[in-house]
2 protein chains.
Amino acid sequence: MPRRQDHTQEELRQLAIDSVSRHLRSAPASQLSLRMVARDIGYSPGTLINLFGSYSLLLLAVNACTLDCIRDQLLQAMDNSRRADAGVIAELEAAAAAYFHYAQENPHAWRLVFELHLDAETPLPAWQSGRISALFSLLEARLLKLKPRATAADCASAARVIWSGVHGICTLLLDNKLFLSDGADARQLIRSLLTHYLTDWCRHTQPPASDQ
Amino acid sequence: MPRRQDHTQEELRQLAIDSVSRHLRSAPASQLSLRMVARDIGYSPGTLINLFGSYSLLLLAVNACTLDCIRDQLLQAMDNSRRADAGVIAELEAAAAAYFHYAQENPHAWRLVFELHLDAETPLPAWQSGRISALFSLLEARLLKLKPRATAADCASAARVIWSGVHGICTLLLDNKLFLSDGADARQLIRSLLTHYLTDWCRHTQPPASDQ
DNA sequence: TCTCTTTTTGAACGGTGTTCAATATAATGC
DNA sequence: GCATTATATTGAACACCGTTCAAAAAGAGA
């Protein structure tokens, strides 16, 4: 069949990614298929495979966009909080709240980031893991500001602990697996986590053995 | 075709569940299918659908077993720790370590518990959500012992915060999304979480506003 | 104009979960 | 012991799925 001039390869990539993103606004990825995306943008399944390599890699490209979007939201939330000058913990709380807000407003896109698994120990491509560790770096910088005498490893540990916690709360809450009693919501859990953890974390000028 | 007398329905259920569990010891659920299970136990796909209702519900039955197994592991770990008399926090640490250990040793079964989603807001059956909230109850009991003046809601909150944290650490670590620097492992992150969080949580005889 | 290269395709392959009429057995009533 | 009913089980069919690949048509270069 003919070579079309409708779109360049770049435009086609974006077309496919947009189609998936549009779908994820209202339905989970499990209800989407390569063939549907192809139908939606008016190309054949094979074209998309040529372009991305596989259906999974198309979804991975969508995940990259999602992570970029999450990063933007976090940065914006932290910036706003910093301008209000309510302290570093408030800034981290704002970031966590933004993270939860994104997960709640875009559950299907958010889930896909963590539920997509490439086969048989193909590790994440660097451009993808880079996006995740960039998020951790944002946190580590704030933690160092909060506790200037902390070592880099100390901050790295703490960043992973608190973000795993925030992430776990978001995950389980979206899946309705927290069985929250009325009146307690995610934002309160997040604040409880950050407040209690960081209060004690800051107390020690030298990290305890468990933070090496 | 004939009604067989090879197995009763109960035996058949167990046969199917065992087949899935056996598979999950070495490969993820995404590489398994209803037809494979049927082939493995020598019945037709339709028989399994008659028995469980759908493939998803078969997997859900497997998840119930997994959760029972996790509960047993947690109870055993806490019992051992209690006999060593090292305190309530150590007991909770032992439970968290057991949780992580199970996830690490049985990653595919563990993942399936949280990655299986039933369609279109069919909520989890009660016998399933009951198993999860029973796990929370274990924690709440220990937290009340740790801080006798805490309210039930206070303990419920704290249990959810720390277990979301432990769960998040397990999830992200299994997915290689934590990018731990050398020398820091999951057990240290878990201990850091529990120590710092609970130390400050216990400080307040009245819970702060964020713990309501 | 005639190649050569590149993009795109439709058809095919081997899989998937699920439905359902047909069926052979077991249980029941006589 | 026989006829009937009820039930467990099936294979074939359905509508999908991701992926492969030879064929073909359009553009680029000579």
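### Concerning the domain arrangement of chain A
Residue and element names in this part refer to chain A. Along its sequence, chain A is organised into domain 1 (1-53) and domain 2 (64-211). For domain 1 and domain 2, the distance between their C-alpha centroids amounts to 32 Å. Each side of the interface is counted separately: domain 1 has 7 residues, and domain 2 has 4 residues. Contact between domain 1 and domain 2 buries roughly 430 Å² in total, counting both sides, with carbon and sulfur atoms accounting for 79%. Where domain 1 touches domain 2, the interface holds 0 salt bridges. Across the contact surface, domain 1 and domain 2 share 0 residue pairs in polar contact (both at pLDDT 80 or more). For the side of domain 1 that touches domain 2, the residue count by class is 5 nonpolar, 1 polar and 1 charged.

### A few points about the packing of aromatic side chains
Residue and element names in this part refer to chain B. Evaluated as defined, the whole model comprises 6 aromatic pairs over all chains. Above the ring of W201, the side-chain terminus of K147 is found at 4.3 Å from the ring centroid. Over the aromatic face of F136 sits the side chain of R160, whose NZ or CZ is 4.4 Å from the ring centroid.

### A short note on the pattern of salt bridges
For the structure shown, the criterion picks out 16 salt bridges over all chains. Put simply, E91 of chain A and R142 of chain A hold a salt bridge, and the shortest N to O gap is 2.9 Å. Note that E91 of chain A is positioned in helix α5 (residues 88-105) and R142 of chain A in helix α7 (residues 126-146), a separation of 51 residues in sequence. Exposure class is identical for E91 of chain A and R142 of chain A. Each is buried. As a salt-bridge pair, R131 of chain B and D68 of chain B come within 2.8 Å of each other at their nearest N and O atoms.

### Here's the deal with the interface of chain B and chain A
Taken together, the contacts link 44 residues of chain B with 43 residues of chain A. Roughly 3900 Å² of surface becomes buried between chain B and chain A when both sides are summed, with 62% attributable to carbon and sulfur atoms. Joining chain B to chain A, the criterion identifies 0 salt bridges. Seen at the junction of chain B and chain A, the total is 12 residue pairs in polar contact (both at pLDDT 80 or more). Taken together, the elements giving at least two residues each to the side of chain B that touches chain A come down to α6 (107-115), α7 (126-146), α8 (152-174) and α9 (186-203) of chain B. No other element matches α9 of chain B, which puts 12 residues into the side of chain B that touches chain A. Here the side of chain B that touches chain A is built from residues that sort into 18 nonpolar, 17 polar and 9 charged.

Definitions and limits used
- Residues numbered from 1 in each chain as written.
- Chains lettered and ligands numbered in written order.
- Predicted model: local features only at pLDDT ≥ 70, side-chain atom pairs only at ≥ 80, totals over all residues.
- Heavy atoms only, no water.
- Domains from an automatic or database assignment.
- Contact = heavy atoms within 4.5 Å.
- Buried area = accessible area lost by both parts, 1.4 Å probe.
- Salt bridge = Lys/Arg side-chain N within 4 Å of Asp/Glu carboxyl O.
- Polar contact = N/O pair within 3.5 Å; in protein donor to acceptor, adjacent residues only side chain to side chain.
- Nonpolar A, V, L, I, M, F, W, Y, C, P; charged D, E, K, R; others polar.
- Phe/Tyr/Trp six-rings, centres within 6.5 Å; stacked < 30°, edge-to-face > 60°.
- Lys NZ or Arg CZ within 6 Å of the ring centre and 35° of its normal.
- Helix = DSSP H or I, 4+ residues; strand = E, 2+ residues; numbered from the N terminus.
- Buried < 20%, exposed > 50% of the residue type's maximum accessible area, 1.4 Å probe, protein only.

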